[in-house]
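# An overview of the molecular structure
Here is what each chain is made of, one letter per residue.
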Amino acid sequence: MVEYRIDRRSGIATYLQIVQQTKQALRLGLLQPGDRLPTAKEVVAATAINPNTVLKAYRELEREGLVEPRPGLGTFVRRSLARPGAAADSPLRAELADWTDRARAAGLDREDVTALVASVLEERFGETATLSERGHEEDGENR
C-alpha cells in the first residue's frame, strides 16, 4: 500500500501531491490494478490533512480513469501506468540512483539536482512547465 508524504513547504497543492505520488507508484509498479488505496481516514491519520483533500485527490484520479470507488469497500486501482523501463527495480533506476550518489558526492544538494534534472527534461522532452510550476498554478486556482 502507498504511504503519502505531504510537503507543506513545496508550494504544490496537497491534493496534487497525493495525485502525483499515486501516479508515481503506478508508474513504478508499486500499485497494481486491483490494489486498494488507503482510505481517507487512514491518510488523514498518517498526514494530518483534511479528509476532503484526500477525497478531492481520489476524485481526480477517478476522473483520469486510474482508480474506481467501490461503495463500502474503498478505492481501487483500475489501471497501471508502469512501463518496463520505469519499474522500481529497473536498470535505469539503478543508474539514476548511482548518478544521484555522484551528484551528492560532487556537492550538489536536492535543489541543485532537481534544477539540473528539470533542465535536462525540458531540453529532451520539450516540457515547458515543471511539476512544481503546475502545482503552483493549480494551487492558485483553488484559493
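Residues numbered from 1 in each chain as written. Predicted model: local features only at pLDDT ≥ 70, side-chain atom pairs only at ≥ 80, totals over all residues. Heavy atoms only, no water.

The protein is annotated in an unreviewed UniProt entry as GntR family transcriptional regulator of Streptomyces melanosporofaciens.

## Thoughts on the packing of aromatic side chains
Formally: Note on aromatic contacts: the rings of Phe and Tyr and the six-membered ring of Trp form a pair at centre separations within 6.5 Å, being stacked when their planes are under 30 degrees apart, edge-to-face when over 60 apart, and tilted otherwise. Note on geometry: a ring has a charge over it if NZ (lysine) or CZ (arginine) is within 6 Å of the ring centre and within 35 degrees of the ring normal.
Applying the stated criterion to the full structure yields 0 aromatic pairs. Positioned above the aromatic ring of Y15, the side-chain terminus of K56 is 4.2 Å from the ring centre. Directly above the aromatic system of F76 lies the positively charged group of R70, at a separation of 4.2 Å from the ring centroid.

## Re the side chain of T22
The criterion, for reference: Starting at the N terminus, helices and strands are each numbered in turn, a helix being any DSSP run of H or I of at least four residues and a strand any DSSP run of E of at least two. N or O atoms within 3.5 Å of each other form a polar contact, as long as, within protein, one can give a hydrogen and the other can take it, and as long as residues adjacent in sequence are counted only when both atoms are side-chain atoms. Pairs of residues are marked as contacts when any of their non-hydrogen atoms sit within 4.5 Å.
Relative to the assigned elements, T22 resides in helix α1 (residues 14-27). For T22, the side chain forms a polar contact with the side chain of Y4, separated by 2.7 Å. Once residues within four sequence positions are removed from consideration, T22 is found in contact with Y4, L31, L37 and L61.

## Quick look at the pairing of strand β1 (residues 67-70)
Threshold: Strands are labelled as partners when DSSP assigns at least two bridges between them.
Bridge analysis of β1 against strand β2 (residues 74-77) gives 4 bridges, and the strand direction is antiparallel. Residue V67 lies in a different strand from β2, and its bridge partner there is V77. As consecutive antiparallel partners, β1 and β2 are separated by 3 residues, and within that stretch G72 has a phi angle of approximately 80°, a positive value.

## Quick notes on the confidence of the model for the protein
Selection rule: Confidence scores labelled pLDDT are given residue by residue by the predictor and lie between 0 and 100.
Summarising the model, the protein shows a mean pLDDT of 87, and 88% of its residues fall at 70 or more. Confidence drops under pLDDT 50 across residues 129-143; counting only partners more than four residues distant or on other chains, this segment forms 21 contacts.

## Quick word on the nonpolar core
Note on soluble globular proteins: their nonpolar side chains tend to be buried together. Rule in force here: Nonpolar cores were defined as sets of buried Ala, Val, Leu, Ile, Met, Phe, Trp, Tyr and Cys residues, with membership established by side-chain atoms within 4.5 Å. Exposure is judged per residue with a 1.4 Å probe applied to protein chains only, and the accessible area is read against the type maximum: over 50% gives exposed, under 20% gives buried, and values in between give partly exposed.
Counting 23 residues, the largest nonpolar core has I18, L37 and Y58 as its most contacted members. Among the elements that take part in this core, α1 stands out by supplying 6 residues, more than any other.

## What to know about the environment of R5
Mapped onto the elements of the fold, R5 is located in the segment before α1. Among the residues examined, R5 registers a relative accessible area of 57% and is labelled exposed. Between the C-alpha atom of R5 and that of I18, which follows or precedes it by 13 residues, the distance is 8.1 Å. Here R5 is in contact with Q17 and Q21, once residues within four sequence places are set aside. One polar contact links the side chain of R5 to the main-chain carbonyl oxygen of E3, over a distance of 3.2 Å.

## Focus on the side chain of Q17
With respect to the helices and strands, the residue Q17 is situated in helix α1. Reaching out from Q17, the side chain makes a polar contact with the side chain of S10 at a distance of 3.2 Å. Those residues in contact with Q17 that sit more than four places away from it in its chain are R5, I6, D7, S10 and I12.

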